[in-house]
Amino acid sequence: MKVLVTGGSGFIGTNLLRYILENRSDWSVVNLDLLTYAGNLENTMDLADAYPGRYEFVKGDIADHACVDALFSRHSFDLVLNLAAESHVDRSIEDSGIFVRTNILGVQVLLDAARRHKVGRFLHVSTDEVYGSLGKEGRFREDFHLEPNSPYSASKAAGDLLVRSYVKTHGLDAVVTRCSNNYGPYQFPEKLIPLMVINAFNDRDLPVYGEGRNVRDWIFVDDHCRGIVMVAENGRCGEAYNMGGDAEKENIQIVRLILGNLAKPDSLIRFVTDRPGHDFRYAMDFAKIEAELGWQPEFGFDEGLKKTIAWYLDNQSWWEKILSGTYRHYYERMYGSR
Ligand code: NAD
Ligand code: TYD
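The following refers to the structure shown.

Procedures and definitions
All residue numbers here refer to positions counted from 1 along the written sequence of the relevant chain. Chains and ligands are labelled sequentially in the order written, the chains with letters from A and the ligands with numbers from 1. The model is predicted, so local features are restricted to residues of pLDDT at least 70 and side-chain atom pairs to those at 80 or more, both for listing and for counting; the totals for chains, interfaces and linings are taken over all residues. To obtain the side-chain values, all non-hydrogen atoms of the structure were used and water was disregarded. Buried, partly exposed and exposed residues are distinguished by accessible area as a fraction of the type maximum, computed with a 1.4 Å probe on protein chains only: under 20%, between the cut-offs, and over 50%, respectively. Each helix is a run of DSSP H or I of at least 4 residues and each strand a run of E of at least 2, with the numbering of both proceeding from the N terminus. A pair of strands is labelled paired if DSSP reports no fewer than 2 bridges between them. The handedness of a crossover follows from its direction of travel: if, with the strands pointing away from the viewer, the path from the first strand over the helix to the second runs clockwise, the crossover is right-handed. Only Phe, Tyr and Trp rings take part, Trp by its six-membered ring, and two of them pair if their centres are within 6.5 Å. Stacked means planes under 30 degrees apart, edge-to-face means over 60, and tilted covers everything else. A ring is scored as having a charge over it whenever the NZ atom of a lysine or the CZ atom of an arginine sits within 6 Å of its centre and within 35 degrees of its normal. Note on terminology: a nonpolar core comprises buried Ala, Val, Leu, Ile, Met, Phe, Trp, Tyr and Cys residues joined through side-chain atoms within 4.5 Å. Only heavy atoms enter the contact rule, under which two residues are in contact if any of them lie within 4.5 Å. For this description, a residue counts as near a given molecule or strand if any of its non-hydrogen atoms is within 4 Å of it. Under the rule applied, a polar contact is a pair of N or O atoms within 3.5 Å (in protein, one hydrogen donor and one hydrogen acceptor; residues adjacent in sequence only if both atoms are side-chain atoms). Nonpolar residues are Ala, Val, Leu, Ile, Met, Phe, Trp, Tyr, Cys and Pro. Charged residues are Asp, Glu, Lys and Arg, and all others, Gly as well, are polar.

Of all 5 residues making up strand 1 (residues 2-6), 4 are buried, and the element is well covered by its neighbours. Bridge count for strand 1 against strand 2 (residues 28-33) is 5 bridges, and the pairing is parallel. If you follow Thr6 over to strand 2, its bridge partner there is Leu32. In terms of handedness, the path from strand 1 via helix 1 (residues 11-23) over to strand 2 forms a crossover that is right-handed.

Glancing now at the packing of aromatic side chains. Inspection of the entire model under this criterion finds 17 aromatic pairs. Relative to Trp311, the ring of Tyr186 has its centre 4.8 Å away and its plane inclined at 50°; by these criteria the two rings are tilted. Taken together, the positions of Tyr186 in the loop between strand 7 (181-183) and helix 7 (192-201) and Trp311 in helix 11 (residues 301-314) put the pair 125 residues apart, joining distant regions of the chain. For the pair Tyr186 and Trp311, one class covers both residues: buried. Relative to Trp318, the ring of Trp311 lies with its centre 5.1 Å away and its plane at 70°, an arrangement referred to as edge-to-face. Judged by relative accessible area, which is 14%, Trp311 ranks as buried. Overall, Trp318 belongs to the buried group, its relative accessible area being 11%. Clustering of aromatic rings is evident, with ring pairs tying together Tyr183, Trp218, Phe220, Phe299 and Phe301. The ring of Tyr241 is capped by Lys288, whose NZ or CZ atom sits 4.9 Å from the centre of that ring.

In this section: the nonpolar core. The nonpolar side chains of a soluble globular protein tend to be buried with one another. The biggest cluster of nonpolar side chains holds 70 residues, and the ones touching the most others in it are Val5, Leu16, Leu81, Ile193 and Ile258. In terms of residue count, the dominant contributor to this core is helix 1 (7 residues). Ignoring any residue separated from it by four or fewer positions in sequence, one finds Leu16 in contact with Val5, Leu81, Leu83, Cys225, Ile228 and Val229. Within the second largest apolar cluster, 26 residues are counted, among which are Ile62, Ala113, Ala114 and Val176.

Near ligand 2, the surroundings consist of 18 residues, among which Glu129, Pro207, Arg216, Arg275 and His278 are the closest. Within the contact set of ligand 2, an oxygen atom lies 2.9 Å away from a backbone nitrogen or oxygen of Leu192. Side-chain polar atom of Arg216 to an oxygen atom of ligand 2: 2.8 Å apart, as the coordinates give it. Breaking the shell around ligand 2 down by element, the ones donating at least two residues are helix 7 and strand 8 (206-209). Within the shell around ligand 2, the residues separate by chemical class into 8 nonpolar, 5 polar and 5 charged.

This is the structure we're talking about:
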């Protein structure tokens, strides 16, 4: 199997590449990544040597038609796993243009290439945020209307629906996954859990939006990666599949758990102005993927959080290079003069 993973140098992509290379010995993978601020080539620099002949990195933009077409001409992909995206809600509030370009135009360029080059299957990684926000009760099901509230989730909803349209209109074999909030190793420290771990470690304030009562359903990233591969292999064409961690938490609970794990005082918590349009609650009904594919999350939240905190403590130089900006020098060193 020849597989294209886009966005493989980001958080979930890095974990997914490792999962695939370890667990699918007959798959070889090309990682197409633009290396935006969220992409870190060091995350995957060991893979080419660890899995000879099975891993290749290509720097490029999913929204660049010529780049994507040349790549699809060079390789005959059996499967495309599209993870490349602008992924941070707060950045989309500041400037949504790049979200529209990557998360909508990028998906369209990839879908057209998949169609023209007769790719076997296309899997698009969408998000629970396309459903909008829940009140205190209920869980998102796949048949819910999409009601996104942030420029990020609106751009993801558009990409998600473009995939649907290529199935219906062009007969493309495509599937969509919608997953809840991931956490685990290699997550960029702008997202809640790594940000709070690092700030607590450094005795800096932990900025909690509003009153910290917003609820997210947290899934350990390995569970998501396993589900992506299962849907790619056995999901039904044209269907969307929810995944979640069965671990709903208020933000303030998470922050307190992190402080407790690191033996730091609650006095580090600082309540700050709320995010505009802040979705109150996400919760996932994943009965469909459970019934059809036998997927369930395997990691409990306490176990996953402990593993995650341990990873950030063991990999201090990884996040220090991000905070200082020097992680971006790696690409220049490796490829700058080639
Ligand atoms: P991330 O921001 O950590 O990584 C995104 C990666 O995409 C980076 O390596 C970046 O360089 C790359 N990229 C960005 N624009 C690109 C472009 N135009 N062309 C090629 N590469 C580009 O994101 P993540 O958290 O790993 O999320 C991966 C996917 O999963 C996204 O599609 C996101 O919407 C989705 N998702 C994330 C979560 C979560 O909690 N993190 C939950 C559900 C779904
Ligand atoms: P985030 O990790 O940005 O994921 P998303 O917005 O996609 O769910 O945020 C998770 C929750 O944590 C969300 O309710 C916003 C909140 N949050 C804070 O309270 N403080 C912060 O500094 C960040 C980054 C997030």
